[in-house]
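# Residue-level structural notes
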Amino acid sequence: MTSLHAMQGVGLVLGGVMAGLAGPALAHPHVFIDTRVEVMLDAQNRATGLRISWTYDDLYSLSIVGDMGLDPDWDGKLTADEEARLSGFDMNWDAGFAGDTYALIAEQELALSAPAEWSASYAAGKITSVHVRTFEAPVPLGAEPLIVQVYDPGYYTAYTIAFDPVVTGGAGCVAEAYAPDLGAADAALQAALAEYTPDIDLEMEFPAVGKNFAEEVRVTCAAP
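In this text the structure is predicted, and so the values were computed from the model without any measurement.

Its location among the elements puts Val148 in strand β8 (residues 146-150). You can call Val148 buried: its relative accessible area is 0%. The spatial distance from the C-alpha of Val148 to the C-alpha of Ile105 is 9.1 Å, given a sequence separation of 43 residues.

For the coordinates displayed, the defined rule picks out four salt bridges. Residue Glu216 pairs with Arg218 through a salt bridge whose shortest N-O separation is 2.7 Å. On the basis of relative accessible area, Glu216 is assigned to the buried category, the value being 4%. Arg218 gets classed as partly exposed once you look at its relative accessible area, which sits at 25%.

Let us look at the nonpolar core. Counting 36 residues, the largest nonpolar core has Val39, Ala47, Trp54, Leu86, Phe135, Leu141 and Leu146 as the members making the most contacts within it. Setting aside residues no more than four positions away along its own chain, Ala47 makes contact with Val39, Met40, Leu41, Phe135, Ala137, Pro138, Val139, Leu141 and Leu146. Ranked by size, the runner-up nonpolar core spans eleven residues in total, among them Leu182, Leu193, Phe206 and Phe213.

So, about the state of the cysteines. Per the stated rule, a full pass over the model turns up one disulfide. One disulfide in the model links Cys173 with Cys221; its S-S distance is 2.0 Å. Judged by the sign of its S-S torsion, about 105°, the cystine formed by Cys173 and Cys221 is right-handed. Here Cys173 is found in strand β11 (residues 173-179), whereas its partner Cys221 is found in strand β12 (residues 215-221), with 48 residues between them in sequence. Relative accessible area serves as the criterion here: at 16%, Cys173 is assigned to the buried category.

In this section: unusual backbone geometry. Positive phi values are uncommon outside glycine, yet Trp74 reaches one of about 55°. With respect to the secondary-structure elements, Trp74 resides in the loop between α2 (58-67) and α3 (80-86). With a relative accessible area of 53%, Trp74 lands in the exposed category. Backbone geometry at Glu107 places phi at a positive 70°, although glycine is not the residue there. By secondary structure assignment, the location of Glu107 is in the loop between β4 (101-105) and β5 (108-110).

Looking now at α2. Taken together, the buried positions of α2 are Ser61, Ile64 and Val65. For α2, the buried positions fall inside an angular range of 95° around the axis, keeping them on one side. Exposed positions of α2 whose direction lies more than 90 degrees from the buried face are Leu59 and Asp67. Packed against the buried residues of α2 are β3 (46-56), α3, β6 (116-123) and β7 (126-140). A side-chain oxygen of the first residue of α2 lies 3.1 Å from the backbone nitrogen of Leu59; this N-cap is Asp57. Positive backbone phi, approximately 70°, marks Gly69, located one or two places after α2.

All right, on to helix α4 (residues 182-193) then. Over its twelve residues, α4 extends 16 Å from the first C-alpha to the last, a length consistent with the 16 Å expected when each residue adds 1.5 Å. Looking only at α4, the buried set comprises Leu182, Ala185, Asp186, Leu189, Ala192 and Leu193. On an axial view of α4, the arc spanned by its buried residues comes to 125°, and they lie on one face. The backbone nitrogen of Gly183 lies 3.1 Å from a side-chain oxygen of the residue at the head of α4, namely Asp181.

Cut-off values and rules
- Residues numbered from 1 in each chain as written.
- Predicted model: local features only at pLDDT ≥ 70, side-chain atom pairs only at ≥ 80, totals over all residues.
- Heavy atoms only, no water.
- Helix = DSSP H or I, 4+ residues; strand = E, 2+ residues; numbered from the N terminus.
- Buried < 20%, exposed > 50% of the residue type's maximum accessible area, 1.4 Å probe, protein only.
- Salt bridge = Lys/Arg side-chain N within 4 Å of Asp/Glu carboxyl O.
- Core = buried A, V, L, I, M, F, W, Y, C linked by side-chain atoms within 4.5 Å.
- Contact = heavy atoms within 4.5 Å.
- Disulfide = S-S within 2.5 Å.
- Arc of directions from axis to C-beta.
- Polar contact = N/O pair within 3.5 Å; in protein donor to acceptor, adjacent residues only side chain to side chain.
- Expected span 1.5 Å × (residues − 1).

Shown next as structure tokens:
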């Protein structure tokens, strides 16, 4: 992993990787989401939950707005009633769906609640939805980082941490975003695709390579 703050031209690198994918791999990903991660802490520097923001790409946003019959005058603005209808459009999750958000400490995955406190808005041709997920119990933080990864295992959706991560509450805690090794991720994808025969429908059987492309936030807290 490389710090996003120390990395130059991440977008260009990712674009180059995707351009280099051969044949059917170009069909993935289909949806692109700019993500904001907020880690909420209590006064004892314990993580209590996450606030996740997803800003969808223009094409997907347009399809959702059109399918839902919103913004019929196409002025790029939603009324309060239309925004209320939009809110929660992406929150009806199937049982077992992890929400494409994973929290870990020392390689141990932490359970997250179902989404709550969701909202959605539409501006500049893009939908942004926000939701909160909480931990089963407050998670003490220190030098061992809390890691929050964002990815779709099937790589149908590509998540980018496009905003500086935020820590709310606590004291002496910092958050930093990190990017994956895109060269290694691409190599793993190509190797997985090489295992498929031409008769396989990759849209239905795409390999679970999304974790290799996962960006992540790491939160650490100074000793009290």
